[in-house]
Amino acid sequence: PTLSTGGRAIIFSTPNGKNFFYQLWAGADTGEYEEGKVGLHCKGVGQNKFHGIKLPWYVHPERDEKYAENMKAQLGEERFRREIECEFIFSTKL
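Criteria and cut-off values
Sequence order as written defines the numbering, with residues in each chain counted from 1. The predicted nature of this model means local features are confined to residues of pLDDT at least 70 and side-chain atom pairs, given and counted, to a pLDDT of 80 or more, with totals for whole chains, interfaces and linings taken over all residues. The side-chain numbers reported here are obtained from all heavy atoms of the structure, hydrogens and water having been left aside. By definition, any uninterrupted DSSP run of H or I lasting at least four residues is a helix, any uninterrupted run of E lasting at least two residues is a strand, and each is numbered from the N terminus. Should any heavy atoms of two residues lie within 4.5 Å, those residues are counted as being in contact. Only protein chains enter the calculation, and the probe is 1.4 Å; a residue is then buried if its accessible area is under 20% of its type maximum, exposed if over 50%, and partly exposed in between. Here the arc refers to the directions that run from the helix axis out to each C-beta atom. Between N or O atoms, a polar contact is any pair within 3.5 Å; within protein, one atom must be a potential hydrogen donor and the other a potential acceptor, and residues adjacent in sequence are included only when both atoms are from side chains. We define a salt bridge as a side-chain nitrogen of Lys or Arg found within 4 Å of a carboxyl oxygen belonging to Asp or Glu.

Draft legend 1. The arrangement of the environment of Lys54 in detail. By the secondary structure assignment, Lys54 is in strand β2 (residues 53-54). For Lys54, the residues in contact, after removing those within four places along its chain, are Trp25, Gly39, Leu40 and Cys86.

Draft legend 2. Here's a closer look at helix α1 (residues 20-28). The set of residues buried in α1 consists of Phe21, Leu24, Trp25, Gly27 and Ala28. An end-on view of α1 places all buried positions within 165° of arc, on one side of the element. In the core, the buried residues of α1 are packed alongside β2. Here α1 starts with a cap whose side-chain oxygen sits 3.1 Å from the backbone nitrogen of Phe21, and that cap is Asn19.

Draft legend 3. Expanded view of the pattern of salt bridges. Overall, the coordinates contain six salt bridges when judged by the stated rule. The residue Glu87 makes a salt bridge to Arg81 at a minimum N-O spacing of 2.5 Å. In this structure, Arg82 engages Glu83 in a salt bridge whose closest nitrogen and oxygen atoms are separated by 3.9 Å. According to the relative accessible area criterion, Arg82 is buried, its value standing at 15%. Three or more residues are tied together by salt bridges with common partners; here these are Glu78, Arg79, Arg82 and Glu83.

Draft legend 4. How the structure looks around unusual backbone geometry. With a phi close to 70°, Lys49 is a non-glycine residue in the positive phi region. Along the chain, Lys49 falls in the loop between β1 (40-41) and β2. Exposure remark for Lys49: the relative accessible area of 67% places this residue in the exposed category. The phi angle at Cys86 is positive, at roughly 60°, despite the residue not being glycine. Tracing the backbone through its elements, the reader meets Cys86 in the segment after α3 (77-83). The class of Cys86 is buried, set by a relative accessible area of 16%.

Below, the structure written as structure tokens:
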């Protein structure tokens, strides 16, 4: 309702399962990304009229492979992929 008469919103989160944020991202992801931008910018807007942008660790100018290795050691593989590489991971466990 806040944006029903216009305006803009910036919504950001860590990918964590098929939740509301996943639904927003899936509706914004066009599957094609613009060249020459910081991060991964979807070309155009998605079905939900949002413009998707992913900002994984490597777009930060002060982050290098050593940073990634340290974070992976601290967080573990799955959490690193989700929180640092911006990857949606869905559990197959029941």
